[in-house]
Amino acid sequence: MEGGHILKNKYLILKIMLLVMASTLPWFVNGGSSNDEVVKLDKNTLYQYDSLICEYSLSEFINKNSASEYNIELDKTSSIGCFSKINGTAQKDGKITIYVGSNINLDLLIQSFFWLVLLSLIPKTKKSKLRYKKTSIFTTVILIFFHLSSEGSFYALNSKIFSTDLIGNYLLYSYLLSLGLILFFLVSVIEERFFNLVNYLPFIFIFIGAYNSSNLNFFFITFILLGVNQTLINKKFRFGMIVILLFITLWTSQIIENLLFFDVDKLKGFSSSSYTTDSIFFWSLGYFFFYSGLVFLYRSTSKDVDLSRLTNNFLYSGFLITIFSAFSATGPLQNLYTYYYFGLNKRASDTFESVSGNAWRGMSPSAEGVGEFFAFTILLAITLSIKNKHFKLSYIHYLLIISNLYGLYRSNNVAASLSMVILVFCILVVYKVKTTTRNKVLISLIFFVIPISYISFFNTTSLDELNRKVIKEGLEISFINNLETNENGFSAVDQNRFLELLQSQKDLEGVSTSLTYLIEKYHYSERNNIPNITSLISTIAYPINRSEKWGIFIGKYDPSIISFTFGTGLNNLANYYLLHPTKMNSGLVLPHSGLLSYLVYIGAVGILYFIFYITIKLYKNRENYLYLAYLMFFLVNILKSDSLLYINNFILFTFILHSDQLDFKLSKNKETEAIF
Amino acid sequence: MNTKIIKICGESEIIPDFEEISNDPNFIFPPDSSFGTKVLYDIDENVVNVNSWLECANYVNGGWFSEISNLINYEKRLFIVLLGFTSISLLKQMSKKYGRGSYFKK
C-alpha cells in the first residue's frame, strides 16, 4: 500500500496553517470602517446595532461581547462588503440573536478552499491520470448553471441580487468561474490521491460538505465531475445516461404544476428545492453522474482499499463526531464554526439534552443517520477482528469503540443497535462455531425466534387496531373536515367506518390516492387468512414505531398511475410534499423509509429493479458472510430510516453495496495498522 | 437617535419627524449655512448634495450613505481577481505541458 498516514504528510505544517488561515482570516480581516468602540450588547443597546449594520466585524464583536448570552445566525443574503460583519440583531423569547453577513460567492470560495486543503491531507498514491479533464470541468459547470437557474426561489432567499440574467451578472460569472477554478484544483488533488480516497471515506461523516448558501454539496459536485468524466470515456456509462435521459423525459412530461420552492432544510445539497423541468433535469442527471462517479471510484480502487486503515478511520471518525458534537454545544461561536467549516446541512444541536424520541443528533442532521454510522463502525471493527486473526483490536481500538458506543447510545437508534448486535452474533456463530448443524440451528433461532419475540413483545395493541393503524394516521392529516358526527361527536373515521368516507366522493378530494387505495383494500379484501396489503403495512410499521410516519407518508403520497409506476424524478421530494394539500405541509416531515423515499423518486418499477439487483448481489455473494452481514445491516435500517436522503449515508451505503470486490480476508502484510 | 445619522450628519438638537417630511411632497429643507455640504449616495449610484442637518438626516434615514466604498461592485472586482487567477493557473499548466516538449527547449 502506497501512501502513509496523514501525520506523515509532506507539507503538513503548511496545510495546517492554511486551514487555520481559512478559518480565521475571513472573520478578522474584514474589519469595520467605524472608529467607534464596539458597543456592549444587551437589551438596552440592541437598537444601536440595528443602526450600525455592516460596521463591526464578528471578531470585533466577539472581543467585546464574549460573555454575553446570544445566538449567532448567518445572514446569507449579505453583500461581499458586509461578509463577516454584524448585519442585524433580533430578540426572541428573551434571547438575543445577532446576524453575521455571509455571501454566496465567498461561501463557495472559502468553504471549498478549506475542504480542498483537507482533501490534500490524504496521503498521495500512484497517480491516476484522468482524461478529458477540461471537458469534464466545463460540463460540470454548465450543469451547475442549470441548477442555479432552476432553483431561483431558493437562491433569491440566499442572495439579494441573485439573478440568472446573462448580461452584466457578475455574481453569476464569479460563481461559475469560482466553480471552474475549484474543479481545476480538485482534479489535481484527486488524481494524486485517487487510490487512497476510499480509505478516508468515513471522514465524510465529519466534513459533510454542504455549502452555506447554495443548495449544493462539495462531494456531490466532486463525484459528478468523476461521473461526467467516466461517461465521456465508458460506453456503459453513456448507455446509462441515455436511459436516465429517457426517464427524465417521462418525469418532466408528468409535471402538472411547477413548484418553485420547497424548503429542503436538513437535506440541503442533496435534494431539489423546486419541481420544474430544469430542476428534474439537473437533479436526475446529477444523481446519475454522482452515482457513476462513486461506482467508478469503488471499482477502480477495490484492490487498494486497506481494510485495516479503513476501519481505523471509521473508528476515528466516530470518535471525532462525538467530540465535535459536544464542542458545537458549548457556545454560539463553536456552533457557527462547525456548521460553516464542516459543511453541516443544518446547525449542530446547541444543547446536550436529547430531544424527540430521546435522541441527540449532535452535529449530524439526523440522529437516525449518525446512529447507523456508529453501529456500522462497531459492527465493522468487531466482525473484522472475528474473521481475521491478523486484525487484532488494541486497547485504543477498544477506547474508540466505547466512544462510538456512546455516540450510538445518544443517537438512540434502537434498530441500528439491535441489528448490529444480532449480526455480530451471527458472524461469531459462522466463524467460531464449527459444527454445521449447530450453525443452522443458531441461524434459524436468530432469523425466527428473535423477530417473532420482538413482534410479540412490541405489538401490544389488538390485531384489529393494528390492521387499520396506518389508515387512521393517514386520515389524521387529511382534509376531511366536513364529515358528519353522531350525537356523541364521533365521525365515521373515529368509529373506523372508513367505507362511508369512500362513498362520499366529495371527501375523497382531501384523501390521497394511496390512502384511498389502502382503505379500499382494507374493506374489500377477502377473509382468507392472507393479510391484505393495508394490514401487512400496518403490522410491519407498528413494532418498528413507524405507524405514524408511514401513515403521514400515505396521507401525503398522491401519485397517478404513471408516477406510482415510474416515480417523479431523482432527489426531488417537492411534488410529493407540496402538491397534495394536507395538514402536514409545513416543516420537513420525511417518509422515514428509504424504500418509500425511493418510491417517490423512481416508482414501483425502480424499486422492483433495486430488489432484483440486491437479490442477485446477495445470491452471488452467498459465501461472503461479512459482505452479507454489512449489506443486511443497511437493508434492514434503510427500511425504517431516511438515511439514504443524506449524502454521507448514501455514499456509505453505495460503498457497502459495491464492497463485494473487497478482500475481507486480510493477508499478513495488511495486518492491523498501528492506530497512531 | 439613529447612530448612523449621528455618524454621517453629526450631532444636532433637532428632533426630526421623518413621517411628516415624507408625507409632504412640497417640503423644502431650509439651507443651514453652518452645515458644510455633504455628498450622499444610494445603491443605484445616485448622488445628492445636502445642505442642512435635517436634509442629511432625512436621506440617511432613507438608506443613503456617505462612503463611496459602499458603491463598489464587489462581484465585478471578485470576477476580475478570479479571472486573473484562472489565467495564471491555465498558463502555468500550459507551460508545464509544453515545457517538456520541443517548443520550450528550442
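Residues numbered from 1 in each chain as written. Chains lettered and ligands numbered in written order. Predicted model: local features only at pLDDT ≥ 70, side-chain atom pairs only at ≥ 80, totals over all residues. Heavy atoms only, no water.

J.: Break down the overall build of chain A for me, with residues and values.
T.: When its secondary structure is counted, chain A shows 27 helices and 3 strands. In terms of overall size, chain A behaves like a compact globule, its C-alpha atoms giving a radius of gyration of 26 Å where 676 residues would be expected to give roughly 26 Å. Each of the three principal axes of chain A carries a C-alpha extent, and together these read 80 × 70 × 50 Å. A separation threshold of at least 6 residues defines the contact pool for chain A, and within that pool the share at least 24 residues apart is 77%. Surface exposure of chain A reaches about 29,400 Å², of which carbon and sulfur atoms provide 62%. Positive and negative side-chain charges in chain A, numbering 56 and 46 respectively, have mean positions lying 14 Å apart. (Helix = DSSP H or I, 4+ residues; strand = E, 2+ residues; numbered from the N terminus. Rg over C-alpha atoms; globule rule 2.2 N^0.38 Å. Contact = heavy atoms within 4.5 Å. Areas by Shrake-Rupley, 256 points an atom, 1.4 Å probe, with all protein chains shown as cover. Lys, Arg positive; Asp, Glu negative; His and termini not counted. Charge placed at Lys NZ, Arg CZ, Asp CG, Glu CD.)

J.: Describe the pattern of salt bridges, with residues and values.
T.: All names here are of chain A. In the structure shown here, the tally under the stated rule is 9 salt bridges over all chains. A salt bridge links aspartate 304 to lysine 126; its shortest N-O distance comes to 3.4 Å. Of this pair, aspartate 304 sits in the loop between α10 (277-301) and α11 (307-328) while lysine 126 sits in the loop between α4 (104-120) and α5 (133-150), placing them 178 residues apart in sequence. (Salt bridge = Lys/Arg side-chain N within 4 Å of Asp/Glu carboxyl O.)

J.: Talk me through a nonpolar patch on the surface; I want residue IDs and the actual numbers.
T.: Residue and element names in this part refer to chain A. Where nonpolar side chains cluster on the molecular surface, the patch consists of Tyr517, Ile533, Leu536, Ile540, Leu595 and Leu639 and spans about 490 Å² of accessible area. Sort the elements by how many residues they give to the nonpolar patch and helix α21 (residues 533-541) lands first, with 3 residues. Here isoleucine 533 lies in helix α21. (Patch = residues over 30% accessible without salt bridge, like charges linked within 9 Å, V, L, I, M, F, W, Y side chains within 5 Å.)

J.: Any chance you could break down the sheet that holds strand β3 (residues 95-101) of chain A for me, citing the residues and the numbers?
T.: Consider a sheet: its strands pair through backbone hydrogen bonds, and that pairing is either parallel or antiparallel. Residues and elements named next belong to chain A. Across the sheet, 3 strands lie side by side as β1-β3-β2; this open sheet has mixed pairing. Each edge of the open sheet is held by one strand with a lone partner, namely β1 (70-75) and β2 (86-92). Along the sheet, successive strands turn relative to each other by an average axial angle of 25°, direction set aside. Both β1 and β3 contribute to a ladder of 6 bridges, which runs parallel. Following the sheet pairing, asparagine 71 is matched in β3 by threonine 97. (Pairing = 2+ DSSP bridges. Axes fitted to C-alpha atoms, helices over the stretch in contact; angles between N-to-C directions.)

J.: Now, about the interface of chain A and chain B: what can you tell me, with residues and values included?
T.: It is common to give the size of an interface as the accessible area lost on bringing the parts into contact. Counting residues at the interface gives 23 residues for chain A, matched by 18 residues for chain B. When the two sides are added together, the surface that chain A and chain B hide from each other amounts to roughly 1,900 Å², 69% of it contributed by carbon and sulfur. In this structure, the connection of chain A to chain B is made through 1 salt bridge. A salt bridge links lysine 7 of chain B to glutamate 55 of chain A; its shortest N-O distance comes to 3.3 Å. The interface formed by chain A and chain B contains 3 residue pairs in polar contact (both at pLDDT 80 or more). Contributing elements (two or more residues each) for the side of chain A that touches chain B: α4 and α7 (170-193) of chain A. A per-element tally of the side of chain A that touches chain B places α7 of chain A first, with 9 residues. (Buried area = accessible area lost by both parts, 1.4 Å probe. Polar contact = N/O pair within 3.5 Å; in protein donor to acceptor, adjacent residues only side chain to side chain.)

J.: Quick rundown of helix α3 (residues 58-65) of chain A? Include the residues and the values.
T.: Residue and element names in this part refer to chain A. All of the buried residues in α3 are Leu58, Ser59, Phe61, Ile62 and Asn65. Buried residues of α3, viewed axially, fall in a sector of 160°; they line one side. Check the buried side of α3 and you find it contacts α1 (12-28), α2 (46-50), β1, β2, β3 and α12 (332-341). (Buried < 20%, exposed > 50% of the residue type's maximum accessible area, 1.4 Å probe, protein only. Arc of directions from axis to C-beta.)

J.: So what's going on with the packing of aromatic side chains? Which residues, and what values?
T.: Residues and elements named next belong to chain A. Within the structure shown, the criterion is met by 61 aromatic pairs over all chains. Put simply, the rings of Phe220, Phe223, Phe270, Phe282, Trp283, Tyr287, Phe290, Tyr291, Tyr598, Tyr601 and Phe650 pair up and form one aromatic cluster. Here the basic side chain of lysine 556 rests over the ring of tyrosine 577, its NZ or CZ set 4.0 Å away from the ring centre. Against the face of tyrosine 619 rests arginine 622, its NZ or CZ located 4.2 Å from the ring centre. (Phe/Tyr/Trp six-rings, centres within 6.5 Å; stacked < 30°, edge-to-face > 60°. Lys NZ or Arg CZ within 6 Å of the ring centre and 35° of its normal.)

J.: Before we move on, can you summarise the side chain of glutamate 151 of chain A with the specific residues and values?
T.: Residues and elements named next belong to chain A. Note on placement: glutamate 151 falls in the loop between α5 and α6 (152-156). The side chain of glutamate 151 sits in the buried core without any salt bridge; lysine 268 is the nearest counter-charge, 11 Å away. At 2.5 Å, the side chain of glutamate 151 forms a polar contact with the side chain of serine 273. Residues within four places of glutamate 151 in sequence aside, it is in contact with Asn215, Ser272, Ser273, Ser274 and Trp283.

J.: So what about the nonpolar core? Which residues, and what values?
T.: Judged by nonpolar contacts, the single largest core of 201 residues is most densely connected at Phe290, Phe376, Leu475 and Tyr630 of chain A. Excluding anything up to four places from it in sequence, phenylalanine 376 of chain A contacts Phe314, Tyr630, Phe633, Phe634, Leu652 and Ile656 of chain A. (Core = buried A, V, L, I, M, F, W, Y, C linked by side-chain atoms within 4.5 Å.)

J.: Explain the packing of α5 of chain A against α10 of chain A residue by residue, including any values.
T.: Residues and elements named next belong to chain A. Where α5 contacts α10, the axes come no closer than 8 Å and their chain directions differ by 145°. Seen from above, α5 lies across α10 with left-handed handedness. Listed contacts from α10 to Leu143, Ile144, Phe146, His147, Ser149 and Ser150 of α5 are Asp278, Ser279, Phe281, Phe282, Trp283, Leu285, Gly286 and Phe289. Looking at the contact of α5 with α10 residue by residue, the classes come out as 8 nonpolar, 5 polar and 1 charged. (Left-handed = near helix turned anticlockwise from the far one by under 90°. Nonpolar A, V, L, I, M, F, W, Y, C, P; charged D, E, K, R; others polar.)

J.: How would you summarise the state of the cysteines if you had to cite specific residues and measurements?
T.: One pass over the full model with this rule turns up 2 disulfides over all chains. The disulfide partner of cysteine 54 of chain A is cysteine 82 of chain A, and the S-S distance across this bridge is 1.9 Å. Judged by the sign of its S-S torsion, about -105°, the bond between cysteine 54 of chain A and cysteine 82 of chain A is left-handed. Here cysteine 54 of chain A, found in the loop between α2 and α3, pairs with cysteine 82 of chain A, found in the loop between β1 and β2; they are 28 residues apart in sequence, far enough to count as distant. Covalently, cysteine 9 of chain B is tied to cysteine 56 of chain B through a disulfide, its sulfur atoms 2.0 Å apart. Measuring handedness by torsion sign, the sulfur bridge of cysteine 9 of chain B and cysteine 56 of chain B sits at about -85° and is left-handed. Linking cysteine 9 of chain B in helix α1 (residues 3-9) with cysteine 56 of chain B in helix α3 (residues 53-61), this pair joins segments that are 47 residues apart in sequence. Each member of the pair cysteine 9 of chain B and cysteine 56 of chain B is classed as buried. (Disulfide = S-S within 2.5 Å.)

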